[in-house]
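Close look at the chain arrangement
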Amino acid sequence: MIRASELLGGGRFGVIVHGGAGDVGGERVERHVAGCRAAARLAAEELAAGASALDAVVRAVIALEDDPVFNAGTGACLTTAGSVELDAAVMSGEDLRAGGVCALGPFKNPIAIAREVLQEGRHVLYAADGADAFAQARGFPPVDPATLITEAARDKLASALGRGEPEPWAGGTVGAVARDLRGHVAAATSTGGMSGKRPGRVGDSPIPGAGTYADDRGGAASATGHGEGILRVALTAGLIEALRRGDDPQAASRAAIEELALRVGSTGGVIAIDARGRIGLARSTNTMTWAAAWEGGETAGA
Ligand code: ASP
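Residues numbered from 1 in each chain as written. Predicted model: local features only at pLDDT ≥ 70, side-chain atom pairs only at ≥ 80, totals over all residues. Heavy atoms only, no water.

A closer look at the overall build of the chain
Helix and strand counts for the chain stand at eight helices and 13 strands. Along the three orthogonal principal directions, the C-alpha set of the chain runs to about 45 × 40 × 35 Å. When the 302 residues of the chain are sorted by exposure, 58% land in the buried category. Restricting to contacts in the chain with at least 6 residues of sequence separation, those with at least 24 account for 70%. Only carbon and sulfur atoms are counted for the fraction: they give 50% of the accessible area of the chain, which is about 11400 Å². (Helix = DSSP H or I, 4+ residues; strand = E, 2+ residues; numbered from the N terminus. Buried < 20%, exposed > 50% of the residue type's maximum accessible area, 1.4 Å probe, protein only. Contact = heavy atoms within 4.5 Å. Areas by Shrake-Rupley, 256 points an atom, 1.4 Å probe, with all protein chains shown as cover.)

Describing the side chain of Thr-191
Of note, Thr-191 is situated in strand β7 (residues 185–191). There is a polar contact of 2.8 Å between the side chain of Thr-191 and the backbone nitrogen of Gly-193. Those residues in contact with Thr-191 that lie beyond four places of it in its chain are Asn-71, Ala-72, Glu-85, Leu-86, Asp-87, Thr-173 and Ser-205. (Polar contact = N/O pair within 3.5 Å; in protein donor to acceptor, adjacent residues only side chain to side chain.)

Side note on the site of the ligand
Within the structure, the ligand sits among eleven residues, and Thr-173, Arg-201, Asp-204, Thr-224 and Gly-225 are positioned closest to it. Take Thr-173: an N or O atom from its side chain is 2.9 Å from an oxygen atom of the ligand. The separation between an oxygen atom of the ligand and a polar main-chain atom of Gly-225 is 2.7 Å. Relative to its unbound accessible surface of 270 Å², the ligand loses 100% to contact with the protein. Here the shell around the ligand is built from residues that sort into one nonpolar, eight polar and two charged. (Near = heavy atom within 4 Å. Nonpolar A, V, L, I, M, F, W, Y, C, P; charged D, E, K, R; others polar.)

Here's the deal with the sheet that holds strand β3 (residues 86–92)
Strand order across the open sheet formed by eight strands is β5-β4-β3-β7-β6-β2-β12-β13, with mixed pairing between neighbours. Lying at the two open borders of the sheet, with one neighbouring strand each, are β5 (125–127) and β13 (297–301). On average, adjacent strands in this sheet sit at an angle of 5 degrees to one another, irrespective of strand direction. Of the pairings in the sheet, the one linking strand β2 (residues 14–22) to strand β12 (residues 287–294) comprises seven bridges and is antiparallel in character. (Pairing = 2+ DSSP bridges. Axes fitted to C-alpha atoms, helices over the stretch in contact; angles between N-to-C directions.)

Some thoughts on unusual backbone geometry
We note that Ala-128 has phi near 45 degrees; this positive angle belongs to a residue other than glycine. Inspection of the secondary structure assignment puts Ala-128 in helix α4 (residues 128–137). Taking relative accessible area as the criterion, Ala-128 reaches 31% and is therefore assigned partly exposed. Unusually for a residue other than glycine, Ala-234 sits at a positive phi of about 50 degrees. Within the secondary structure layout, Ala-234 lies in the loop between α6 (227–233) and α7 (235–244).

Quick look at the sheet that holds strand β11 (residues 278–283)
With respect to topology, five strands assemble into an open sheet ordered β1-β11-β10-β9-β8, the strand pairing being antiparallel. Each edge of the open sheet is held by one strand with a lone partner, namely β1 (8–9) and β8 (212–215). Pairing of strand β10 (residues 268–274) with β11, which is carried by five bridges, proceeds in the antiparallel orientation. Along β11, the bridge assignment pairs Ile-273 with Ile-279. Most of the contacts of α7 go to strand β9 (residues 219–225), to which it runs at about 150 degrees, and overall it touches β8, β9 and β10.

Have a look at this one:
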């Protein structure tokens, strides 16, 4: 766990990504951290070359969605019916534009579709069949679900069904927050949700102020963990309000995760960046893999 004395970031640009709160055991941790590191580096290279925070967080999340070890895009966890239903959202702190999809069918990169929702601008969030129709109308072809479903996802579903209840959550949700050279922030989150969730269940990730939020007046945050709890405390809305008041992102992240435990008894994790590029993260789970890269530094952990 990062201490307040080890503040990260603070350069003209910066990014932090997470690979989900949960309990990634033994040798899998390194693989998870490597995936996060690769995604953070990709985003940081783009930021250094002048890309917007919005483009950088989408770039990072696409890389994580394409990595089958994470519960997003390829590798997403399954509903009780054995199907994938994907949730993703992206938000721009510059103008509070947001775009999201939830209970989306089998598409390779839900975050790219969320980005398209933001870009088009008519609505903020599309669900289920309507989300699939929007995606196809905007040129995203659905894929064979078999290309997204991994053996690990099938195993997790089998154990959830065996217990007769969903896992607290699947772990492996992905998210990214960034500040660009112009001082704008953005946040993105993508997930398959929970193993053994009921069809139609939507978690916190695609909901602005719950799993994802960005506002240049404070900063940007992406949450992970028990979605029902994160929704009930509006976790990223509270965290960004603390950043608007001037709290540092590390203290604000820790307070948000404490609040999640105190108010609704849920566990999870969060990453944050403020408008000055300072980075924070906190978790109450055994692990939350992450990686950060900023002007002049990078680091990663679990
Ligand atoms: N928060 C996600 C959800 O409940 C799951 C996770 O972060 O692992 O859908």
